[in-house]
Amino acid sequence: MEFGKRVNSIRLDEEERILYVDKACVVLPTDLRSCCSLKELKPDLLLPLKYLLRVDIADPQAAILHYLSPTSKKCAHCTVCSLSNAYEFERYLTERAYTGTHGFKRFFVLVNPFGGQGKASKIWQQIASPIFQTAHLECRIVFTEYKNHARSIIANIDLNSLDAIICVGGDGLFHECLNGLGDRKDNNAAFETPLCMIPGGTGNAFSYNATQETHPALVALEIVKGVKKSFDLMTFDQKGDISYSFLSANYGIIADSDVGTDNLRFMGENRTILGFLIRLFQKPSWKCKVEMEVVSSDRNEIRNTYLQRLQHATVNRNGGRTDRIVNVPMYNEQNVSRVTLDIQDLSVFYAGLLPYVAADMRAFPVCDIDDGLIDIVIVRSSPFRKPLLSMFMNIETGGHFDSQFLSYYKVRSFRFTPIDTGCHHYFVLDGEEYPFIPFECRIAPGLGTTLASQAGFKLLSL
Ligand SMILES: Nc1ncnc2c1ncn2[C@@H]1O[C@H](COP(=O)(O)OP(=O)(O)OP(=O)(O)O)[C@@H](O)[C@H]1O
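Predicted model only: the values in this text are computed from it and were never measured.

Asker: An account of unusual backbone geometry is needed here, citing residue identities and associated values.
Answerer: In this structure, serine 82 is a non-glycine residue whose phi angle is positive, near 60°. With phi around 55°, glutamine 117 is a residue other than glycine that occupies positive phi space. If you trace the backbone, glutamine 117 turns up in helix α4 (residues 115-118).

Okay, here's the thing in structure tokens:
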């Protein structure tokens with residue numbers, strides 16, 4: 001499609017979704033021109049439509065493009081002149097820039113000012129908010145004032161007045177908001193309100209799994225240009241108190257290294273690594289009983305089913321809820337068995353719903369967001385150090401999946417009973433500490449909803 005007065009000067013490659021503008025037709029903002037000699041160096045403009053946020057008409061032959069710069073990750077604009085018809089250009093490009101996206105306009109934003117050691121507010125104000133503003137989206141913003149503030153807001157808010165909720169913080173804030181939805185009387189319907197995360201915490205596993213991006217600007221863009229996607233949750237029942245989890249339930253050396261190192265918070269992400277190394281030189285003392293409804297514990301079967309699902313997802317590029325469910329390779333549910341383990345020598349019990357527990361930890365490499373199953377990794381402590389070190393050397397890529405030292409299960413539900421050994425241990429759900437008492441987890445298939453691109457939550461090769 002061509003838009004320039006001169007042939008080939010301004011054109012849209014429909015297939016690649018890239019706008020090409022000859023440098024003679026691009027006028028850069030004056031502030032940019034005055035700060036360097038960009039006028040002379042000015043290159044042609046090659047803009048993927050994904051980055052285009054808005055088009056304004058300047059005059060019948062000129063329009064202003066507002067976009068997220070793919071290089072600087074900041075909002076930028078430039079004027080395109082010598083258009084044959086600026087009105088047609090604006091209409092056509094705006095429609096194409098948002099084809100297939102959710103079309104939502106009203107966002108409710110919760111920012112944890114303490115998230116990411118105090119970086120979350122800046123991330124919202126300086127990086128993410130300009131993207132929403134440029135796209136002319138309406139954002140109502142609340143800065144949380146105390147722990148569980150977000151939870152009570154979400155539990156009581158009128159969901160009809162908003163299209164989606166955005167948390168700017170870490171997995172802790174996301175967990176709170178998810179449980180705010182769960183606390184509501186209309187919780188089943190409430191879970192259909194998309195809940196999104198812009199990474200502003202120390203642990204930002206949700207946004208990484210949803211987008212495979214770590215930069216808050218790119219995650220914000222994924223939300224602005226996303227579609228509604230569902231993902232599995234698990235219900236977590238402790239003496240009748242129900243919570244909802246999107247990420248993991250965790251006991252053993254990893255849980256203790258995470259929550260048991262609160263006193264080292266000033267170290268940021270490194271505190272967990274230091275906590276882990278310290279515990280590696282102590283005597284292991286974790287014991288538990290686990291009763292599971294196991295769909296498979298055969299790693300060959302698990303791998304093959306995952307690879308078949310991966311192939312199916314790749315062929316079926318349209319993504320979305322229904323496409324992934326119809327004819328997707330599944331486990332033989334006839335083979336479900338009840339397995340009870342009394343583990344006297346535990347070092348890791350890790351149940352997960354998403355592949356990445358952090359951007360550099362693919363702890364559950366064969367996890368699929370909507371396979372309706374919980375993945376469980378169990379590592380025993382005899383021998384103690386060797387399996388753990390080998391696991392952590394390979395966890396970034398998910399290579400530990402083949403380790404002889406761990407057991408891997410796909411389950412529908414499990415009951416977990418920690419055994420008191422007299423040592424202080426932690427039980428951790430989505431990175432948050434929960435009471436050290438028995439609990440039961442059950443999969444809630446596709447209960448969660450978020451906004452992500454068509455390729456969001458994509459399965460990765462093994
Ligand atoms: N204003 C606030 N004051 C204190 N705690 C808060 C506030 N807002 C949110 N919280 C709580 O702080 C915890 C951590 O939040 P979040 O995950 O956003 O940040 P984080 O930097 O990733 O934290 P962590 O270091 O625990 O991973 C959550 O449990 C959240 O509920």
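So, next bit.
Asker: Quick rundown of the UniProt feature "domain: DAGKc" (unreviewed entry) in the protein? Include the residues and the values.
Answerer: Here, the residues flagged by UniProt with the feature "domain: DAGKc" (unreviewed entry) are residues 102-240. Structurally, residues 102-240 comprises 43% helix and 25% strand, and the distance from its first C-alpha atom to its last is 37 Å.

Asker: Residues and numbers for the sheet that holds strand β9 (residues 138-143), please.
Answerer: As a general point, the strands of a sheet are linked pairwise by backbone hydrogen bonds and lie either parallel or antiparallel. Spatially, the 4 strands line up as an open sheet ordered β9-β8-β10-β11, and their pairing is parallel. Two strands lie at the open edges of the sheet, namely β9 and β11 (195-199), each paired on one side alone. On average, each strand axis in the sheet is inclined to that of its neighbour by 25°, with strand direction left out of account. Inspection of the sheet shows strand β8 (residues 106-111) paired to β9 by 6 bridges, in the parallel sense. Within β9, the position partnered with phenylalanine 108 by the bridge is arginine 140. In the packing of helix α7 (residues 171-183) onto the sheet, contacts are made with β8, β10 (164-169) and β11, and the angle to β11 comes to roughly 170°.

Asker: Tell me about the pattern of salt bridges, and name the residues and values.
Answerer: The final tally for this structure, using the stated rule, is 19 salt bridges. Between arginine 96 and glutamate 95 there is a salt bridge whose closest N-O contact spans 3.4 Å. Between arginine 151 and aspartate 183 there is a salt bridge, with its nearest N and O atoms 2.7 Å apart. Of this pair, arginine 151 sits in helix α6 (residues 149-156) while aspartate 183 sits in helix α7, and the two are 32 residues apart along the sequence. Among the charged side chains, a salt-bridge network with shared partners connects Glu293, Arg412, Arg415, Glu440 and Arg442.

Asker: Provide a residue-level description of the pairing of strand β15 (residues 286-296), including the pertinent values.
Answerer: Counting buried positions along β15 yields 8 of 11 residues, so the element is predominantly enclosed. Both β15 and strand β16 (residues 337-352) contribute to a ladder of 8 bridges, which runs antiparallel. Residue cysteine 288 lies in a different strand from β16, and its bridge partner there is isoleucine 343. In the sheet, β15 pairs with strand β18 (residues 406-419) via 9 bridges, with the strands oriented antiparallel. What sits directly across from valine 294, in β18, is valine 411.

Asker: Please set out the packing of α6 against α7 residue by residue, giving values where relevant.
Answerer: Packing of α6 against α7 brings their axes to within 7 Å, and their N-to-C directions diverge by 30°. It follows from the interaxial angle that α6 and α7 lie roughly parallel. Here the hand of the crossing between α6 and α7 comes out right-handed. Residues His149, Ala150, Arg151, Ile154 and Ala155 of α6 touch α7, and the partners they reach there are Leu173, Glu176, Cys177, Asn179, Gly180, Leu181 and Asp183. A class-by-class count of the residues in the contact of α6 with α7 yields 6 nonpolar, 3 polar and 3 charged.

Asker: Help me get a handle on the nonpolar core, residues and values and all.
Answerer: Grouped together as the largest cluster of nonpolar side chains are 59 residues, with contacts concentrated most on Ile253, Met292, Phe349, Ile374, Ile376 and Phe414. For this core, the leading source of residues is β16, giving 7 residues. Dropping the residues within four chain positions of it, phenylalanine 414 is found in contact with Ala249, Glu291, Met292, Phe349, Ala351, Ile374, Ile376, Phe439, Glu440 and Cys441. Membership of the second largest hydrophobic core comes to 52 residues, among which are Phe89, Cys196, Leu218 and Leu451.

Asker: Residues and numbers for the sheet that holds strand β2 (residues 18-21), please.
Answerer: Spatially, β1-β2-β4 is the arrangement adopted by the 3 strands of the open sheet, whose pairing is antiparallel. Every other strand in the sheet has two partners, leaving β1 (10-13) and β4 (45-48) as the edge strands with one partner each. Sheet twist, expressed as the average angle between the axes of neighbouring strands with direction ignored, equals 15°. Alignment of β2 against β4, held across 4 bridges, turns out to be antiparallel. Looking across to β4, one finds that isoleucine 18 is bridged to proline 48. In the packing of helix α3 (residues 86-97) onto the sheet, the strands contacted are β1 and β2, and the crossing angle to β1 comes to about 25°.

Thresholds applied
- Residues numbered from 1 in each chain as written.
- Predicted model: local features only at pLDDT ≥ 70, side-chain atom pairs only at ≥ 80, totals over all residues.
- Heavy atoms only, no water.
- Helix = DSSP H or I, 4+ residues; strand = E, 2+ residues; numbered from the N terminus.
- UniProt positions renumbered as here; feature names shortened; annotations may be inferred.
- Pairing = 2+ DSSP bridges.
- Axes fitted to C-alpha atoms, helices over the stretch in contact; angles between N-to-C directions.
- Contact = heavy atoms within 4.5 Å.
- Salt bridge = Lys/Arg side-chain N within 4 Å of Asp/Glu carboxyl O.
- Buried < 20%, exposed > 50% of the residue type's maximum accessible area, 1.4 Å probe, protein only.
- Parallel < 35°, antiparallel > 145°, perpendicular 65-115°, else oblique.
- Left-handed = near helix turned anticlockwise from the far one by under 90°.
- Nonpolar A, V, L, I, M, F, W, Y, C, P; charged D, E, K, R; others polar.
- Core = buried A, V, L, I, M, F, W, Y, C linked by side-chain atoms within 4.5 Å.

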